[in-house]
Each structure stands twice: as C-alpha cells, then as structure tokens.
Amino acid sequence: MAVDLRIGMQDDSDALDPAQSRTFASRLVYTSLCDKLVDISKDVQIVPQLATDWKLSADGLTLVMNLVSNAVFHDGTPFNAEAAAYNIMRSKTLPESVRKSELASIDTVEVTGPYQITIKLKQPDASLLSQFSDRAGMMVSPTAAKEAGAKLALKPICSGPYRFVERIQQDRIVLEKFPQHRDAKNYHFDKLTFLPLPDSTVRLTNLRSGDLDLIERMAATDAGIATADPNLKVVDVVSLGYISIYVNVGNGDRAKTPIGQDKRVRQAFSKAIDRKALIQIVYDGKASAGNQPFPPSSIWYNKKFPVEERDIKGAKALLAAAGHKRVEVELQHPNNPVVTQMMQVIQAMTAEAGFDVKLRATEFATLLSEQRAGKYELSRMNWSGRPDPDGSIHQFITCGAGLNDMRYCNKDVDTALNAARTTVDYDKRKALYDAATATLVDELPIIYLAHESYVYGMKKGVTGFELYPDGMIRLSGVTLKK
C-alpha cells in the first residue's frame, strides 16, 4: 500500500530552481528534491552529501572535491564531475541567478577526474563550503537545464530522493519517490504533497483532523494546543536566522522617502520598537530579541551594540532633528496571521513615536517580486540563516548583491565583508564582522527584530524525524504509522 506524507507549509514556494529561488519554503521542498554537494549535521557541521570528501590548499586558493559515483538525475542523466562543474558555473552565470554573490570568489571549476572537480578561487573564501550546503551546492540535470534555461523552474529535475510531479501555485507541490536514488531504501514515502496554508491555526486544524501529517513553523501560541493533543507531538529548535524589516534606501523612486533617505528616521523607527515585548506577545517568548544579523548568543555578535530598550523620547528627538513631527510610511508584509499580528504591534508601538504606518498584506511570492522591483518602502522579511556568518549578511548588504533588495551600498562595509571571506582566522574575521555590524546598526538598511525558534507539529505516528537548526524537513529514516 502506498504511503503518502502531506506537509502543511506556511508559504508557497517561489521559483523551483536552486539558482533562482530565495524562499524558505523552496528550501523545504529542495531537501527532498535536490541533493547538494554537502549538507550540515544537527550540530551545524559540514558533512558529505554528493561530495564524499574535499581538501583545501594551504594558500586557500584551490578546493578539490571528490564526488559520489552512484548518483543519477531524475531524467537519467548521470551525476559526475562534468555535471557538478556545470552546475556551479550555471549558478555563477545564469542571468536570472541570485547565487552570484555567494560564488563570487570562484574563478574556474576544472574537471580533474570522472568524479573530481578542482575549484580555483580568486581569493580565499571561508564561506564557500557553507554556500555549497544550500542552494549554491544543489545539483540540477545539465541536460534539462541546458534545454530549459530559466524555465527549469517549471519542471525542476534534480537528483534527490524524490522527483517532481506537479505544481499548482498556491495549492500544492507534489513529489514522488525516485527509485534510482542511491539511498532510496531509507526513504519510506511514495509521495510527498506540500500544501501552502499561511494561517497557522488552519494548518493545526488540518493536522488535528488528519488531513495533514506534518506542519512546519507553527505559531508559538498553537504549540500548547498541539502538545496537549494525545494524537500529536511537537518539536522545536532555535533557528540560525532572523526576523527583520527591510528599508528601501536606494531601489527606485519608492526609496525617496524620509525613512529611505535619512538614517535618523530609521533609527527613530527602531528605537520605538520594544523587541522583548514584541516576541512575548507574538511568539509567546519562543524567540530572542535581536538587532544584528547574528543572535546575541552567537560568537559573531557585536557585543558593543546590545539590543536597545525601547526609547520613545529618543525616537521623537531623532525625528525632530530630521525635521519631522510625524512620518507616513507603508509597510508590506506576508499575509499570514502571525506576521500580521506582529506588524500590528509594531504599527501601534511606532505610532507613539510619530510614525503613521500603513500596513499592506500580500502573498509572499508577490512580496518578493515587489521587493526586488523596488515597489515598497518597508518590507517584513525572515532569513533562515546559514552555518557560516557570511551567509546571513554578505548577499543582503554588499553593493549589487543578489538579495540586496534595499540597494544599500557602503564601500567600507563591502571591504570588511569581502575581507572576512578570505580568512579562516576567527579573531580576524570577528573584527571584520564587528566593523560591518557597527555601521549597519547605525545606518539600518535592515532593521533586525528577533531570532525565532522553529516549532513543528506532527502526528504521533511519525517516527525518526529530527529537526536541525536550519529547519529543513529531512525524511531519511522517517516513517508514518497511519
């Protein structure tokens, strides 16, 4: 009898092409669809996946990776060194790719054996293996990619344990088991169905009724209900990422606003927010207040700039110094209830300091499209975080980076973040990240708010599931007793 797994998602995925996509939801699907060169362990260490081992030269400029010899893409194309080299260069050169800044240090990728690639770097890059543990390291079929180009997203062909069947936007993504996967014996579901349901309460209701088997990113306030249900169980983990508000400081005409053009207005907005109260109200305390890309518990956090207490008087003084008594601003956000509640709390908090915030709820993929096009003033965004600090800052903040929807550009920040990629010495890297975060805390192109915990619910019959800090749904060894 066929065994299916139905997964309730907070958001719908964007483009299903690792080179083009940028959502957490797409990464959840890719975990079953697309194998990567490397993965992370539960304690956030880099471990093999399609690469069996690797060696970095003493000067940090040559990375040799040996690859598995028993992998195949879903269309029958063999996975080998030629395929790996093609994929890396595709992510570097495809016009629509948003992986370019992640792979900027790569000069050439040479095929030095049937299952070996040699990557030559322009300068040392301490973040590269971490990049390969996510979308920059995901492998798609060269045969399909050469034929489809950017349209590969309509029918993605990878080499993971499940292959693509269909997608109906805002309704479902369906995968089926790929029998030729090299580890197929450890994947026990015949079909996976990912169902976007932005309302956390609706996801929980569907889980309790039996229409779903597993739900991701539950509202913290729903966790108690799920925990009390004898038919369900709940797992949670502190994430690597952050919750933030993007400020359009240079992306088209919508940047020409007081908050986009004057850092004092952004500072006033930030000072008006009580971060600790915010996470208590919205996340039932299952998050930590934040003001940088890294949580206060991280070794990369700049302790010279701790999370500020709310300061309405200081916020009003900054607005006055900038020549304003009140400032109107539009804040767009994903249309799920938890985020909407959070934005309503911020709307009320900042109103006391002199901000008239107009909220605009929108579907998440639309929000991303408008962000990229500069059709926003403020935009509420999450980032799921990466094992290496570079992955949570460089591609968002450096001039012209693929995910820099704010169009923020500061040459000193670029110099620090580019240099931080070139050394593995912790003290040197830390000093460089401290320099960058000192500037970002002052200029605030991104207003960091908090670092959340991932809370997932599932049927009692789900066994073998482990939740890692990246929040991915790993299904190796997972079973479901109906």
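Up top you'll find the structure we're talking about.
Everything numeric here is computed off the predicted structure, so don't read it as measured data.

1. So, the layout of surface pockets
Next, step 1: Of the pockets and cavities examined, the largest pocket occupies roughly 420 Å³.
Next, step 2: In this structure, the largest pocket is lined by 22 residues; those nearest its centre are Asp 39, Gln 49, Tyr 187, Arg 474 and Ser 476.
Next, step 3: For the lining of the largest pocket, a count of residues per class yields nine nonpolar, six polar and seven charged.

2. Comments concerning the environment of Trp 300
Next, step 1: In this structure, Trp 300 sits in the loop between strand S14 (287-289) and helix H10 (312-321).
Next, step 2: Trp 300 gets classed as buried once you look at its relative accessible area, which sits at 13%.
Next, step 3: Those residues within four positions of Trp 300 in sequence are excluded, and the remaining contacts are Phe 294, Pro 389, Tyr 426, Arg 429, Lys 430, Tyr 433 and Asp 434.

3. Let's talk about the sheet that holds strand S7 (residues 116-121)
Strand pairs in the sheet, formed through backbone hydrogen bonds, run parallel or antiparallel to each other.
Next, step 1: The strand order across the open sheet built from four strands is S4-S5-S7-S6, with neighbouring strands paired in antiparallel fashion. Two strands bound the open sheet, and with one partner strand each, they are strand S4 (51-56) and strand S6 (106-113). With strand direction ignored, the average angle separating the axes of adjacent strands in the sheet is 20 degrees.
Next, step 2: Bridge analysis of strand S5 (residues 62-67) against S7 gives five bridges, and the strand direction is antiparallel.

4. Some details on the state of the cysteines
Next, step 1: Inspection of the entire model under this criterion finds two disulfides.
Next, step 2: Across the disulfide, Cys 34 is cross-linked to Cys 158 (sulfur-sulfur distance 2.1 Å). One quick way to see it: the torsion about the S-S bond of Cys 34 and Cys 158 is about 50 degrees, and its sign makes the bridge right-handed. Of this pair, Cys 34 sits in the loop between helix H1 (24-33) and strand S2 (38-40) while Cys 158 sits in the loop between helix H4 (142-148) and strand S8 (162-168); the two residues are 124 residues apart in sequence, bridging distant segments of the chain. Each member of the pair, Cys 34 as well as Cys 158, is classed as buried.

Calculation rules
- Residues numbered from 1 in each chain as written.
- Predicted model: local features only at pLDDT ≥ 70, side-chain atom pairs only at ≥ 80, totals over all residues.
- Heavy atoms only, no water.
- 1 Å grid on protein atoms, 1.4 Å probe; cavity = no way out; pocket = protein on both sides within 12 Å on 5 of 7 lines; lining within 4 Å.
- Points joined across faces, edges and corners; volume = space filled by probe spheres on them.
- Nonpolar A, V, L, I, M, F, W, Y, C, P; charged D, E, K, R; others polar.
- Helix = DSSP H or I, 4+ residues; strand = E, 2+ residues; numbered from the N terminus.
- Buried < 20%, exposed > 50% of the residue type's maximum accessible area, 1.4 Å probe, protein only.
- Contact = heavy atoms within 4.5 Å.
- Pairing = 2+ DSSP bridges.
- Axes fitted to C-alpha atoms, helices over the stretch in contact; angles between N-to-C directions.
- Disulfide = S-S within 2.5 Å.

As far as function goes, none of this settles anything; it's purely spatial.
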